[in-house]
Amino acid sequence: MPMSSSPEPVLDANLAVALNALLAEQSVTRAAARLHTSPAAMSRTLARLRRVLQDPLLVRAGQTMVPTPRAQALRDEAATVVRRLGALLAPGAGVDPAVLHGTFTLQAADLVGAALAPGLLRLAGQEAPGVSLRFRAEEWEAGPALRDGRIDLEVGSIDHVDPETRVEHLVTLRMAAAVRSGHPLTEGPLTPDRLAAAEHVVVSRRGRFTGPLDTALAERNLHRRVAVVLPGHLAAMTLAARSDVVCLVPTAPPGADCSPLTEAATALGLRLLDIPLPLPPLAIGMAWHPRHAADGGHHWLRGAVRRTLHASGGRTA
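What you see is a predicted model; the values in this text were computed from it and never measured.

This next bit is on the overall build of the chain. Along the chain, the regular secondary structure elements total 11 helices and 11 strands. Going through the 317 residues of the chain one by one, you find that 41% of them count as buried. Restricting the contact set of the chain to residue pairs at least 6 apart, pairs at least 24 apart contribute 73%. As displayed, the chain has an accessible area near 17,400 Å², and 55% of this comes from carbon and sulfur atoms.

What follows is about the packing of helix α1 (residues 13-25) against helix α4 (residues 69-89). To describe two helices that pack against each other, one gives the angle between their axes and the distance between the axes. Look at α1 against α4: their axes get within 8 Å of each other, and the N-to-C directions meet at 125°. As far as their axial angle goes, α4 and α1 are oblique. Read as a crossing pair, α1 and α4 show a hand that is left-handed. Packed against α1, whose contacting residues are Ala13, Ala16, Val17, Leu19, Asn20 and Leu23, the element α4 presents Ala71, Leu74, Arg75, Ala78, Ala79, Val81, Val82 and Leu85 at the interface. Along the lines of polarity and charge, the residues of the contact of α1 with α4 split into 12 nonpolar, 1 polar and 1 charged.

This part takes up the nonpolar core. Judged by nonpolar contacts, the single largest core of 39 residues is most densely connected at Leu106, Leu153, Val155, Met237, Trp300 and Val305. With 7 residues, the top contributor of residues to this core is helix α5 (residues 110-127). Here methionine 237 is in contact with Leu111, Cys247, Val249, Ala264, Ala265, Leu268 and Leu270, once residues within four sequence places are set aside. Core analysis: the next-biggest nonpolar cluster, separate from the first, contains 19 residues, Leu19, Leu22, Val28 and Leu53 among them.

For the rest of this paragraph, the subject is the pattern of salt bridges. Should their charged atoms come close, side chains of opposite charge can pair. Taken as a whole and assessed by the stated rule, the structure comprises 10 salt bridges. Two residues, arginine 34 and glutamate 25, come together in a salt bridge whose shortest N-O distance is 3.3 Å. When the shortest N-O distance is used, the salt bridge between arginine 224 and aspartate 214 registers 2.8 Å. With arginine 224 in the loop between α8 (212-218) and β8 (225-230) and aspartate 214 in helix α8, this pair connects stretches of sequence that are 10 residues apart. One exposure class covers both arginine 224 and aspartate 214, and it is buried. What emerges from the salt-bridge pattern is a single network uniting Glu25, Arg30 and Arg34.

Considering all chains together, one arrives at 0 aromatic pairs under this definition. Across the ring face of tryptophan 288, the terminal group of arginine 302 is positioned such that the distance to the ring centre comes to 4.5 Å.

Of the two faces of strand β5 (residues 153-156), both are covered, the one formed by Leu153 and Val155 as well as the one formed by Glu154 and Gly156. Bridging between strand β3 (residues 102-108) and β5 involves 3 bridges; their strand directions are parallel. Residue leucine 106 lies in a different strand from β5, and its bridge partner there is leucine 153. Strand direction decides the pairing type here: β5 and strand β11 (residues 282-288), joined by 3 bridges, are antiparallel. Within β11, the residue paired with valine 155 across the bridge is methionine 286.

For the pair α5 and helix α9 (residues 233-241), interaxial distance at closest approach is 7 Å and the crossing angle is 95°. For the element pair α5 / α9, the angle class is roughly perpendicular. Contacts between α5 and α9 involve Asp110, Leu111 and Ala114 from the first element and His233, Leu234, Ala235 and Met237 from the second. When the residues that make up the contact of α5 with α9 are grouped by side-chain class, the tally is 5 nonpolar, 1 polar and 1 charged.

Turning to the side chain of serine 27, a few remarks are in order. Take serine 27: it is sitting in the loop between α1 and α2 (28-34). For serine 27, the side chain forms a polar contact with the main-chain nitrogen of threonine 29, separated by 3.3 Å. Polar contacts involving the side chain of serine 27 include one to the main-chain amide nitrogen of arginine 30, which spans 3.1 Å. Filtering out sequence-adjacent residues up to four positions away, serine 27 remains in contact with Leu22 and Leu58.

Criteria and thresholds
- Residues numbered from 1 in each chain as written.
- Predicted model: local features only at pLDDT ≥ 70, side-chain atom pairs only at ≥ 80, totals over all residues.
- Heavy atoms only, no water.
- Helix = DSSP H or I, 4+ residues; strand = E, 2+ residues; numbered from the N terminus.
- Buried < 20%, exposed > 50% of the residue type's maximum accessible area, 1.4 Å probe, protein only.
- Contact = heavy atoms within 4.5 Å.
- Areas by Shrake-Rupley, 256 points an atom, 1.4 Å probe, with all protein chains shown as cover.
- Axes fitted to C-alpha atoms, helices over the stretch in contact; angles between N-to-C directions.
- Parallel < 35°, antiparallel > 145°, perpendicular 65-115°, else oblique.
- Left-handed = near helix turned anticlockwise from the far one by under 90°.
- Nonpolar A, V, L, I, M, F, W, Y, C, P; charged D, E, K, R; others polar.
- Core = buried A, V, L, I, M, F, W, Y, C linked by side-chain atoms within 4.5 Å.
- Salt bridge = Lys/Arg side-chain N within 4 Å of Asp/Glu carboxyl O.
- Phe/Tyr/Trp six-rings, centres within 6.5 Å; stacked < 30°, edge-to-face > 60°.
- Lys NZ or Arg CZ within 6 Å of the ring centre and 35° of its normal.
- Pairing = 2+ DSSP bridges.
- Polar contact = N/O pair within 3.5 Å; in protein donor to acceptor, adjacent residues only side chain to side chain.

Following this line, the structure appears as structure tokens:
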């Protein structure tokens, strides 16, 4: 006849807390006061502990109660268990970045990654030297990378998140036309007609030839020629720096300081021209899964991203 396994015992943490109070106070009344309950309730708890442990625990000796040998043997262990329970159930405390060790994986477009990496590396070196950073390219199609735990943070134009994902807006940018130094468009005012007549490079990881600029041009019965589509801004900006194609790049709004996102254009020697057409602003944000919301290390990472993107000015919403 097969043996039946005995059921798992039902653990009651309140009994451990009560046992610790009773053994420390050696008094039902004082233990009750310590736990903010009534002497009657504490007396019932002591009776339950006696049944569970099969030992009197505390016995009368004149006007006081004294512990049994079993109670004396349990005193230190009971105190340790209660301390560990307190630590287990305490709210998460802030984490000192200096003691962090591990790798954070961020998903970002190439231009966003190029803007973030120098500042994040500098902050990590100063505040969290045990932290390493890994940047991943954007997924071809909207994927569950945050939900699956393959990335810790997504930074960029957040438009494909799962319902539970947390999203925070970081900066609002506008699009400018980037051209090489000496480009014909740098001579004289830039008009919609001149912009449409130039050859363009379009940035699209999905290979699309059109975007908001084409919509704005079409409202004026204008059409531009897209010579090439590239999946990333850095490749498109490099091409613009070496040819006469026009590349659209995100930049700070009028009146704001230079955004870190435009530093790559400056490094390539590109000129940024105001587009004489109404284009929708570009919202840059960050997204993370709720599993990381209260994590101290992830909290440092999110703060470091904010400080990096705001270091040179980007206007917050």
